[in-house]
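Structural overview for review
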Amino acid sequence: MTATEVPTRRRYGYDELPQLLESMPGEEAIRPSTLDVLWVLYDRILNVDADRPDDPGRDRFVLSKGHAPSAFYAVLAAKGFLDPAVLPTLQQFDSPLGGHPDRVLVTGAEIGSGSLGHGLPLCVGMAHGLRATGRSAGVFCLIGDGELDEGSNHEAIAYAGRSLSPDSPSSRSTMHRVGTAGAAGSPPGSGSPAGPRTPSTDATTEHWQPHSRRRPAIVRRSSLRRWQPDDRDHARRVHRRNA
Amino acid sequence: MTATMRDEFTDAMHEALDADPRVALVLAEISADAFVDAAERHPDRVINTGIREQLMIGVTGGLALTGMRPVAHTYAPFLVERPFEQIKLDLGHQDVGAVLVSIGASYDRSVSGRTHQAPADVALFDTLPGWTVYVPGHAGEVGPLLRQAISGDDRVYLRLSTQTNAAARQVDPGRFEVVRRGSAATVLAVGPMLDRTLEAVTGLDVTVLYVTTVRPFDGRTLLATLGAPVLVLVEPYREGTSVPFVAAALRHLPHRSIGIGVPAVELRRYGSPAEHDAAYGLDAASIRRRIETVLAAQPAI
């Protein structure tokens, strides 16, 4: 979405995500399995800035798993992409927030999703386009475990592993990462590590950080238990170590 | 040997890749050997996804999302029908533009059977918003239409065929060309149907419009040249595809419109495209008989 005038909005912290989530109507307001992953991405990994949402050098985060997007909207609001005042309008006729995010309506949404299996192929195209335009931005894709049944994902995985690796003739320093939320089996040859079983955001951070931004990678994230408050002391120690 | 539409597309595509760093070409194995050198010159902008058409269109959409001008190309059924949801969502729903260029129109691949034939392609694009559709009638018209398509940022379908007229015409993208004037009816000949249509209407008092831009539909030229409100469409794809657009242009007038094109039958025959023309009533003699019947019909008053 093109923003001509972007107001600098207040940012919210991890502890404030519950109140943002609860401001959205409907039973699907809490989705912990994507919430932690999304928070870690937007808080610690992604090079994105809500004050410059169209910066062509920004990292691209693609929510391929578009259903139940409340966690995504909450994180976007926390990071200043959305005005929190719009959260209570979720799914109303004139709301920019629908049951699945629409990139035309939602600042910070890189794609409109909802039908499964579309995000990863779009990401492959984005990675090529960024490379062609000389950008080193990263492309990140969040896929649901059930979503991985869709064959279009496997077209993208088979292609990207070969054609977007540093060893392919056209490689430069494009960062590229693919994440799954859920306990899908590892695709052959992906080399992904087993996901930790704790739901802490720090384990999630450790999960993402070591992966080289130079080659396509698949991060498999086991399904999380119900959302719990973070361990703030542990978070500070880990954050300093990784900084 | 005369260049085919596919040859002209290959040449024009090479020029476009060389001239504009935003242009990218996405292939799914088909025609890849024609672009090996281009892929070496522009490795990030000539992409072969392999036989993965869902990925092909997804990649096309992703390229557009990063500001590139992508062109995706393969056989019509595999470009349009197989990844139709990707066309709907990865292009339309993302609100991005792309140029889709097909070969193997309707029954060009007569020997290959139904699996390689897609006469419903244009009708499918009519179910989606925001598509421009070009149907050239000769290889010489392909370059100008491709360049026109690439120059914009919108969604364009360019339909190439082995069926051809004898000579290229000067195309004005977006406008019907008035080939001849008459008063008893207006016959719209789309793309490769022009020559056989002109042969069919020899001696008949009809206007013939040559159509290479089928969408958006140039209702203005249709109205400006209208004699008797009797309209005959001669289309190389599914019969009647453009009838609703004629009706929309003439909604304020009582009129008759007849669509000649490929009927909705599965022939289960091979042979040549000319044999299929005859089987579907799309040769010059059959078209003439249809138009004579239309002209002879008395309106019910």
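What comes next concerns the included structure. The model shown is predicted, which means the values in this text are computed figures rather than measured ones.

Looking now at the overall build of chain A. The secondary structure content of chain A amounts to seven helices and four strands. Within chain A, buried positions represent 53% of all 243 residues. In chain A, once contacts between residues fewer than 6 apart in sequence are set aside, the share between residues at least 24 apart is 77%. Taken as a whole, chain A presents about 10,500 Å² of accessible surface, with 48% of it coming from carbon and sulfur.

Turning our attention to the sheet that holds strand β9 (residues 206–211) of chain B. Residue and element names in this part refer to chain B. Spatially, β7-β9-β8-β11-β12 is the arrangement adopted by the five strands of the open sheet, whose pairing is mixed. With partners counted over all chains shown, the strands left at the sheet margins are β7 (177–180) and β12 (256–262), one partner each. With direction set aside, neighbouring strand axes in the sheet form an average angle of 25 degrees. Note: strand β8 (residues 185–190) against β9, six bridges, orientation parallel. Pairing of Val 190 across the sheet is with Val 211, part of β9. Contacts from helix α12 (residues 284–296) reach β8, β9, β11 (230–238) and β12, with the element oriented near 165 degrees to β12.

Time to look at the side chain of Ser242(B). All names here are of chain B. With respect to the element layout, Ser 242 can be found in the loop between β11 and α10 (243–249). Of note is the side chain of Ser 242, whose polar atom sits 2.5 Å from the side chain of Glu 235. Beyond its immediate chain neighbours, meaning those up to four positions away, Ser 242 contacts Arg 215, Phe 217, Leu 233, Glu 235 and Tyr 237.

The next thing to look at is the nonpolar core. Formed by 62 residues in total, the largest nonpolar core has its most connected members in Leu100(B), Tyr157(B) and Leu222(B). Excluding residues within four positions of it along the chain, Leu222(B) makes contact with Thr186(B), Leu188(B), Leu209(B), Phe217(B), Leu231(B), Val246(B), Ala249(B) and Leu250(B). Among the nonpolar cores identified, the runner-up in size contains 36 residues, and Tyr14(A), Met24(A), Phe61(A) and Val106(A) belong to it.

A word on the pairing of strand β2 (residues 138–144) of chain A. Residues and elements named next belong to chain A. Along β2, seven of the seven residues are buried, which leaves the element largely enclosed by surrounding structure. Along β2, one buried face is formed by Gly 138, Phe 140, Leu 142 and Gly 144 and the opposite face, lined by Val 139, Cys 141 and Ile 143, is buried too. Alignment of strand β1 (residues 60–63) against β2, held across four bridges, turns out to be parallel. Considered in β2, the bridge of Val 62 is made with Cys 141.

Calculation notes
- Residues numbered from 1 in each chain as written.
- Chains lettered and ligands numbered in written order.
- Predicted model: local features only at pLDDT ≥ 70, side-chain atom pairs only at ≥ 80, totals over all residues.
- Heavy atoms only, no water.
- Helix = DSSP H or I, 4+ residues; strand = E, 2+ residues; numbered from the N terminus.
- Buried < 20%, exposed > 50% of the residue type's maximum accessible area, 1.4 Å probe, protein only.
- Contact = heavy atoms within 4.5 Å.
- Areas by Shrake-Rupley, 256 points an atom, 1.4 Å probe, with all protein chains shown as cover.
- Pairing = 2+ DSSP bridges.
- Axes fitted to C-alpha atoms, helices over the stretch in contact; angles between N-to-C directions.
- Polar contact = N/O pair within 3.5 Å; in protein donor to acceptor, adjacent residues only side chain to side chain.
- Core = buried A, V, L, I, M, F, W, Y, C linked by side-chain atoms within 4.5 Å.

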